[in-house]
Amino acid sequence: MSEVKLAAETRNEFGKGAARRIRRESKVPVVLYGHGSDPLHLTLPGHELQLALRTPNVLISLDIDGKSQELAIPKAVQRDPLKGFLEHVDLLLVKRGEKVTVEIPVVAEGELAAGGNLLEHVLNALPVEAEATHIPESVSVSVEGLEAGASVLAKDITLPKGVTLAVEEDAVVLQVLAAQAEEAPAEGEAVEAEEVSAEA
């Protein structure tokens, strides 16, 4: 699991105006909370944070005002709905060796049985419990040869050592749907189509 070091600054200004000023400086307002401590209001460099968040559940090492070091994982990310830039991020304080509950992406590998079947991700991400500094980036599951009606349950997925399910074992994660047959055109439509081709 990757660990990203970012320089954080404490902030004392709050509200929309302050947040806009922070974003104009290419920074992102952040709240760090957890372990029963008071929330800590910070700013982080926008570009570096955006790059870090490309990795699900990235472990962020914060250097706060050059005085203290803290470890955190992203808990909630707000982006501008149109432009996609980061508006606000909540970070959860973690410690090495501590177990946390997170959701990790499920990556399907292999080809379904022939016939144009569709694979549906019932759960886009799998809830698991893992050590804060060893959260897997994703889990892979083979769907090779699965036919319509088949499903993959949470208990069918092989998890890395030290990682346990945080969801019911029988929860459906993936299922294979039968290909939808195209509807035959109504009689009138078929006749009209033939007339058009005849005229052409």
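Description of the structure in this document. (Residues numbered from 1 in each chain as written. Predicted model: local features only at pLDDT ≥ 70, side-chain atom pairs only at ≥ 80, totals over all residues. Heavy atoms only, no water.)

### Here we look at the pattern of salt bridges
Reasoning step 1: Following the criterion strictly, the structure yields three salt bridges and no others.
Reasoning step 2: Measuring nitrogen to oxygen at the nearest pair gives 3.2 Å for the salt bridge that ties glutamate 9 to lysine 27. Taken as a pair, glutamate 9 in strand β1 (residues 3-10) and lysine 27 in strand β2 (residues 27-34) lie far apart in primary sequence, 18 residues in all.
Reasoning step 3: Lysine 27 gets classed as partly exposed once you look at its relative accessible area, which sits at 24%.
Reasoning step 4: We note a salt bridge from lysine 155 to aspartate 170, for which the minimum N-O separation is 3.2 Å. One end of the pair, lysine 155, is in the loop between β11 (151-153) and β12 (164-165); the other, aspartate 170, is in the loop between β12 and β13 (172-177), and 15 residues separate them in sequence.
Reasoning step 5: Lysine 155 sits in the partly exposed class, given a relative accessible area of 46%. (Salt bridge = Lys/Arg side-chain N within 4 Å of Asp/Glu carboxyl O. Helix = DSSP H or I, 4+ residues; strand = E, 2+ residues; numbered from the N terminus. Buried < 20%, exposed > 50% of the residue type's maximum accessible area, 1.4 Å probe, protein only.)

### Considerations on the sheet that holds strand β5 (residues 68-79)
Reasoning step 1: The strand order β1-β3-β2-β6-β5-β4 describes a closed barrel built from six strands, whose pairing is mixed. The sheet shows a mean angle of 45° between the axes of neighbouring strands, direction not considered.
Reasoning step 2: The strands touched by helix α1 (residues 16-24) within the sheet are β2, β3 (37-45) and β6 (86-94), with β2 carrying the most contacts at an inclination of about 120°. (Pairing = 2+ DSSP bridges. Axes fitted to C-alpha atoms, helices over the stretch in contact; angles between N-to-C directions. Contact = heavy atoms within 4.5 Å.)

### Comments concerning the pairing of strand β4 (residues 59-64)
Reasoning step 1: Across the six residues that make up β4, a large majority, five, are buried.
Reasoning step 2: Bridging between β1 and β4 involves six bridges; their strand directions are parallel. By the bridge assignment for β4, leucine 6 is matched with leucine 62.
Reasoning step 3: In this sheet, β5 lies alongside β4 in antiparallel orientation, the contact comprising five bridges. Opposite serine 61, over in β5, you have leucine 71 as the bridge partner.

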